[in-house]
Amino acid sequence: MIKINQLEKHFDSKQVLQGVDLEVPSGTVLGLLGQNGCGKTTLIKCLLGLLRPTGGTASILGDDAWNLSADTKSRLGYVPQEVVSYPWMRVRQVIAYTAAFYPSWNGPFVDELCRRWQLPLEDRVGPLSVGQLQTLGIVLAMGHEPDLLVLDEPVASLDPSARRQFLRTLLEIVDQPNRTVLFSTHITSDLERVANRVAIMREGKIAFHGELDSLKERVKRLHIASRQELPRSFAVLGALRCEVEGTAATVSVDDFDESLVDEMRTTWDAEVTVHDLNLEEIFVEMHNQ
Amino acid sequence: MSSKPIPFEIHPSSGVPIYRQLVDQVYALLAGGQLAEGELLPSVRRVAQAAAVNPMTVSKAYSLLESQGVVQRVRGQGMRVTKPQAAGNLEEREDQFRRFLEPAFHRAQQLGLDEAETRQVVESLLQELRKTQNP
């Protein structure tokens, strides 16, 4: 569905994307995580042909991102971070206006979404709250039932119950075969519910890309309590983070397996306890190296 | 069956992957007798909707349970709980059990229980199990 190869983008002297590689097969729900300013939005905009890359390639359904065909565009849905709209129109009119662009517009589905999310159809768009505007943006992006839905922090302004409703709707959509979703967010708990793959961006590159489950199975924090003073040279190969204090050490690893624990028990004459980390903790570990 | 509430409690923000939580909970329900041979697991779609998690994750858990011989896919019906003890050879099952027990024994050590005291706890657990099975 998506192929990104050594993608680069700089603004004047600022290098934002520094060789991004990412491949997303169809049927995937990919969560894109990264600190503020690491390039998530730039990546999404390059992928959708809204920004011209300075190097490398990006393609959707085999189409080059900068020259997307009308057919490919009709199969895309995009919710930008800030929804652009027409403040003078009523909600109902914006929906009708957008629907006119798409032959495959699903009117009953859109009506259902508006009802579910209590969008005030007769109100003008201008005075809508940020959350309502974001909801409207989501409805507009989903109305033509796109094969690829790209959401850039779609839920930042939604309250918890609206977010949950949005996630349920997203899950209904991905329950149909070959629907692909790419969404960036800071809310890791949302991502843990709906994403089956995660890409973590760091300094303009993809630092990790893979299954969410395998990420959780591989990244662990180990607490080591030795019966002897641990040497200053204490180290674990490939550790994300390592802290030693007297007879105790805390180590985070990203390639955990049981044999590592046995090895540590014997090497350091120590009790080793293994802690599972959730996505937020993993994210923090990866950024505290 | 379909109106029964979902028996799973899922914590998406746990360090334990959701599919693992589901697998573990099915084992716990079986051990506790809340899920018995011949019963159907709730459908993938129902679990996914009720818990607001990705249906692929629920499918993954169910497939794993199927490969471990705990449930069987019955066409047009769903996942049916099979007869217990049917799965895998003895060595594999013992190995699985050993991995499950190992942390418990480390805990005993940390609590300062010696070998005899640890054995006593294990014995009493086995005794309780005997009582519930042959009342």
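For the structure, see preceding data.
Residues numbered from 1 in each chain as written. Chains lettered and ligands numbered in written order. Predicted model: local features only at pLDDT ≥ 70, side-chain atom pairs only at ≥ 80, totals over all residues.

Draft legend 1. Fine view of the overall build of chain A. Within chain A one finds 10 helices and 14 strands. Pairs at least 24 apart in sequence give 68% of the contacts found in chain A among residues at least 6 apart. (Helix = DSSP H or I, 4+ residues; strand = E, 2+ residues; numbered from the N terminus. Contact = placed C-beta atoms within 7 Å.)

Draft legend 2. Region of interest: the interface of chain B and chain A. At the junction of the two partners, chain B supplies 18 residues and chain A supplies 20 residues. Elements with a contribution of two residues or more to the side of chain B that touches chain A: α2 (44-51), α3 (55-67) and α4 (90-110) of chain B. Of the residues that constitute the side of chain B that touches chain A, the class distribution is 9 nonpolar, 8 polar and 1 charged. (Nonpolar A, V, L, I, M, F, W, Y, C, P; charged D, E, K, R; others polar.)

Draft legend 3. Region of interest: the sheet that holds strand β3 (residues 29-34) of chain A. Residue and element names in this part refer to chain A. Strand order in the open sheet formed by 6 strands is β6-β7-β8-β3-β9-β10, and the pairing between neighbours is mixed. The open sheet terminates on both sides in strands that have one partner only, identified here as β6 (76-79) and β10 (205-211). Between one strand and the next, the sheet's axes are offset by a mean angle of 15°, whatever the strand orientation. Looking at chain direction, β3 and strand β9 (residues 197-202) are connected through 5 bridges and run parallel. Looking across to β9, one finds that Gly 34 is bridged to Met 201. Together, β3, β7 (148-152), β8 (180-184) and β9 form the strand contacts of helix α1 (residues 40-47), whose direction differs from that of β7 by roughly 150°. (Pairing = 2+ DSSP bridges. Axes fitted to C-alpha atoms, helices over the stretch in contact; angles between N-to-C directions.)

Draft legend 4. Representation of the nonpolar core within the structure. Residues and elements named next belong to chain A. In terms of nonpolar packing, the biggest core is built from 81 residues, with Leu 30, Leu 47, Val 150, Val 181 and Val 198 touching the most fellow members. For this core, the element with the highest residue contribution is helix α5 (residues 130-142), accounting for 7 residues. Formed by 7 residues, the second largest nonpolar core is a distinct cluster that contains Ile 224, Ala 249, Val 251 and Val 253. (Core = buried A, V, L, I, M, F, W, Y, C linked by C-beta atoms within 7 Å. Buried ≥ 20, exposed ≤ 12 C-beta atoms within 10 Å, placed from the backbone.)

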